[in-house]
Amino acid sequence: MRILLMTSSARGHAIADALKHSPQHPDIVSIATTANPGIKELAEEQFIERSLTNLDRLLLIAKRTKPNLAIIGPEDPIAAGIADLLEENGIPTVAPKKMLARLESSKGFARDLLQKYDIDCSPKFKVFTKENSKILNNFIEQELWGEYVVKYDALKGGKGVKVSGEHLATTREGITYALRCIEECGQVVVEEKLTGCEFSLMSFVDGSHVIHCPLVQDHKRAYDKDTGPNTGGMGTYSDANHSLPFLKIADVERAKEIQRLTVEALQHEFNPHPNPLPLKGEGICYKGILYGGYMATRDGIKLIEFNCRFGDPEALNILSILDSDFVAICQGILSGELTEEMVRFAKKATVCKYIVPESYPDKKEQLGKEVRFPNIKRESRMYYGDISQDPDGTLRLGTSRTVGIVGIGKTISEAESIAQKLCEQVQGPVRFRSDIGTHALIQKRIDLMRRLRSAL
Ligand code: AMP
Ligand code: GLY
């Protein structure tokens, strides 16, 4: 069994680690943009490419190495159509085709799909183009009361969303940004600004079956107490009961239902013969990982965005406690025969804290500086991100997130304490968020949800 893995990050290291824990003992061929030392250690072959969107070069490597299947980590190659190309060349690929990946690459497509199929989880929104841009002011002021979010309608590395009161001070600023988005990608989504607690739900999808992972909460702000600029995610936690402390059972069920209804909606949308629907992942259907970013609000569960891939760092939490064969899960996704029994997670809590260079995300001042790590024990994991290794083994910082350290425990508090102690032992010009997974921060979320619900 030979698996082609396209990704560089700590998420990629976590995927490679899960593959290597499979009883099928696959060989890994890695294509990545950097020589991730963690993936390098696990892969039989490692190819470094400047970009993962040069599809012709990726196909060349795939044809030469002849994998049994491919797994794609980041969104850019998925949105560019890597799954279409590999499948045309006989390589089954764990990622949706370009048309279906519009769920992530076009926020307008995602919102319109939810509306068309009556999946009630969107805030009030409107898609604007040049034609209706004159009513932007009216929509923001009269319908959203100045509480709005402007969303770039294409991939932008997590930097396309601007929120009023945070990134946009006035309606005028919002309109200017919205018009720029229209200029650059033809349309823009403007929607109501929601208040609540965000969480991530990732599901394995084989076209028709949607099997869920434990829920995870990410922390995007750079500094403690959720302050500072947004980052790719500074850390995450998950609970032993696979829910989150601020959610009710009904919230979790609703998020799962939204994922399932969305997969069904995609099947209807792209298969011209609606009755009966293609079974067992036949026809044009979503295969891969579906990641829903949700917000629990006073008015129930709302969808913030869909991603067509594993979250980073969310993947580090869930793959650390995966108890079943990840290769078999990938095979199930591809064959359309994925079952609940194939996807088992330990009833453990996890806390992941990212070690990042001191000046991340604003500057790149620590590039090339040496960093040293403590030994990792059974109840923890360490996944390499943007880090390089000299021939003598010395590890050096890149400019982005360095290493994700995951503590695993019976409770979130136990997992937090394991991750925190390890992070404190890292030596080098780095920092991390001490508050992720702590009782104080989680209680803040519980209190916020209580306040929102009692205001009803
Ligand atoms: P996205 O790229 O859609 O996940 O948006 C990035 C971040 O913007 C999210 O994680 C939220 O914190 C924020 N955001 C997006 N949509 C909304 C919304 N409708 N209301 C409030 N915050 C939002
Ligand atoms: N953790 C956020 C993301 O992967 O998009």
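Model, not experiment: these values are computed from the prediction. All chains use their own residue numbering, which begins from 1 and follows the written sequence. Labels follow written order: the first chain is A, the first ligand is 1, and so on. Reporting of local features is limited, given that this is a predicted model, to residues whose pLDDT is at least 70; pairs of side-chain atoms are given and counted only at 80 or more, and all residues count toward the totals for whole chains, interfaces and linings. Excluding hydrogens and water, the side-chain values take into account all heavy atoms of the structure.

Q: Go over the site of ligand 1 with me, naming the residues and quoting the values.
A: Only heavy atoms are used to decide nearness, and a residue is near a molecule or strand if one of them lies within 4 Å of it. Around ligand 1 sit 13 residues in total, of which Glu191, Glu192, Leu194, Glu198 and Glu305 are the nearest. A 3.5 Å cut-off defines polar contacts: any pair of N or O atoms within that distance qualifies, except that in protein one atom must be a possible hydrogen donor and the other a possible acceptor, and neighbouring residues in sequence count only when both atoms are side-chain atoms. Interatomic distance of 2.9 Å between a side-chain N/O atom of Glu191 and a nitrogen atom of ligand 1. With respect to ligand 1, the side chain of Glu198 contributes an N or O atom lying 2.5 Å from an oxygen atom. For ligand 1, the protein covers 88% of the area, taking 470 Å² as the surface of the free molecule. Per the convention used, a helix needs a DSSP run of H or I reaching at least four residues, while a strand needs a run of E reaching at least two, with both numbered from the N terminus. Elements represented by at least two residues in the shell around ligand 1 include exactly strand S7 (148-152), strand S9 (188-192) and strand S17 (300-307). Of the residues assigned to the shell around ligand 1, the class counts are 5 nonpolar, no polar and 8 charged. Residue-level accessible areas treat just the shown protein chains as cover; the underlying method is Shrake-Rupley with a 1.4 Å probe. Residues were grouped as follows: Ala, Val, Leu, Ile, Met, Phe, Trp, Tyr, Cys and Pro as nonpolar; Asp, Glu, Lys and Arg as charged; and all remaining residues, including Gly, as polar.

Q: Provide a residue-level description of the site of ligand 2, including the pertinent values.
A: Close contacts around ligand 2 come from Asp218, Gly232, Tyr291, Asn307, Arg309, Gly311, Asp312, Pro313 and Glu314, and that covers them all. A distance of 2.8 Å is found between a nitrogen atom of ligand 2 and a side-chain nitrogen or oxygen belonging to Asp218. Residue Asp312 places a main-chain N or O atom 3.0 Å away from an oxygen atom belonging to ligand 2. In isolation ligand 2 has 200 Å² of accessible area, and contact with the protein removes 89% of it. When the residues that make up the shell around ligand 2 are grouped by side-chain class, the tally is 2 nonpolar, 3 polar and 4 charged.

Q: How would you sum up the pattern of salt bridges? Please name residues and give values.
A: Oppositely charged side chains can form a pair if their charged atoms are brought close together. A carboxyl oxygen of Asp or Glu within 4 Å of a side-chain nitrogen of Lys or Arg is what we treat as a salt bridge. Inspection of every chain in the model, using the stated rule, returns 24 salt bridges. Close ionic contact of Arg433 with Asp435 constitutes a salt bridge, the shortest N to O distance being 3.0 Å. Members of the salt-bridge network, linked through shared partners, are Asp226, Arg433, Asp435 and Arg445.

Q: Explain the packing of helix H7 (residues 107-116) against helix H10 (residues 249-270) to me, using residue names and the numbers behind them.
A: Axes here mean lines fitted to C-alpha atoms, for a helix over just the part in contact, with angles spanning 0 to 180 degrees between N-to-C directions. Following both chains from N to C, one finds H7 and H10 inclined at 90 degrees, their axes separated by 10 Å at the closest point. One element, H7, and the other, H10, form an angle in the roughly perpendicular class. Where H7 abuts H10, its residues Phe109, Leu113, Leu114 and Lys116 lie against Thr262, Ala265, Leu266, Glu269 and Phe270. Grouping the amino acids of the contact of H7 with H10 by side-chain chemistry returns 6 nonpolar, 1 polar and 2 charged. If an angle is under 35 degrees, it is roughly parallel; if it is over 145, roughly antiparallel; if it lies from 65 to 115, roughly perpendicular; otherwise it is oblique. Only heavy atoms enter the contact rule, under which two residues are in contact if any of them lie within 4.5 Å.

Q: Kindly report on the sheet that holds strand S11 (residues 210-212), identifying the contributing residues and their values.
A: Any two strands are treated as partners once DSSP identifies two or more bridges connecting them. An order of S11-S10-S16-S17 is seen for the 4 strands of this open sheet, with the pairing classed as antiparallel. Edge strands, defined here as strands with exactly one partner in the open sheet, are S11 and S17. Strand-to-strand twist across the sheet, computed as the mean angle between neighbouring axes with direction ignored, equals 35 degrees. Judged from the 7 bridges that link them, strand S16 (residues 287-297) and S17 form a sheet pairing that is antiparallel. Within S17, the position partnered with Ala296 by the bridge is Ile301. With respect to the sheet, helix H14 (residues 439-454) is in contact with strand S10 (196-206) and S16, its orientation differing from that of S10 by roughly 100 degrees.

Q: Break down the packing of aromatic side chains for me, citing the residues and quoting the values.
A: In summary, the pairing rule links any two rings of Phe, Tyr or Trp, Trp by its six-membered ring, whose centres are within 6.5 Å, and it sorts them by plane angle into stacked for under 30 degrees, edge-to-face for over 60 and tilted for everything else. In this structure the tally under the stated criterion is 7 aromatic pairs. Aromatic side chains Phe310 and Phe326 sit 6.2 Å apart centroid to centroid with 40 degrees between the ring planes, which places their arrangement in the tilted category. Residue Phe310 is found in the loop between S17 and helix H11 (314-320), and its partner Phe326 is found in helix H12 (residues 326-335); the two are separated by 16 residues along the sequence. Partly exposed describes any residue whose relative accessible area lies between the buried limit of under 20% and the exposed limit of over 50%, with all areas from a 1.4 Å probe on protein chains only and scaled to the type maximum. The exposure class of Phe310 is buried, given its relative accessible area of 3%. An aromatic cluster is built from Phe204, Phe310 and Phe326, whose rings are joined through pairwise contacts. Counted as over-ring charges are cases with an Arg CZ or a Lys NZ within 6 Å of the ring centre that also lie within 35 degrees of the ring normal. Across from the ring centre of Tyr177, 5.1 Å away, lies the NZ or CZ of Lys162, which sits over that ring.

Q: I'd love a proper account of the sheet that holds S7, names of residues and values included.
A: The 4 strands lie next to each other as S6-S9-S7-S8, forming an open sheet whose pairing is antiparallel. Whereas interior strands pair on both sides, the edge strands pair on one side only; in this sheet they are strand S6 (125-128) and strand S8 (161-163). Across this sheet, the average inter-strand angle for adjacent strands is 20 degrees, counted without regard to direction. Bridge analysis of S7 against S8 gives 3 bridges, and the strand direction is antiparallel. Of the residues in S8, the one forming a bridge with Val150 is Lys162.

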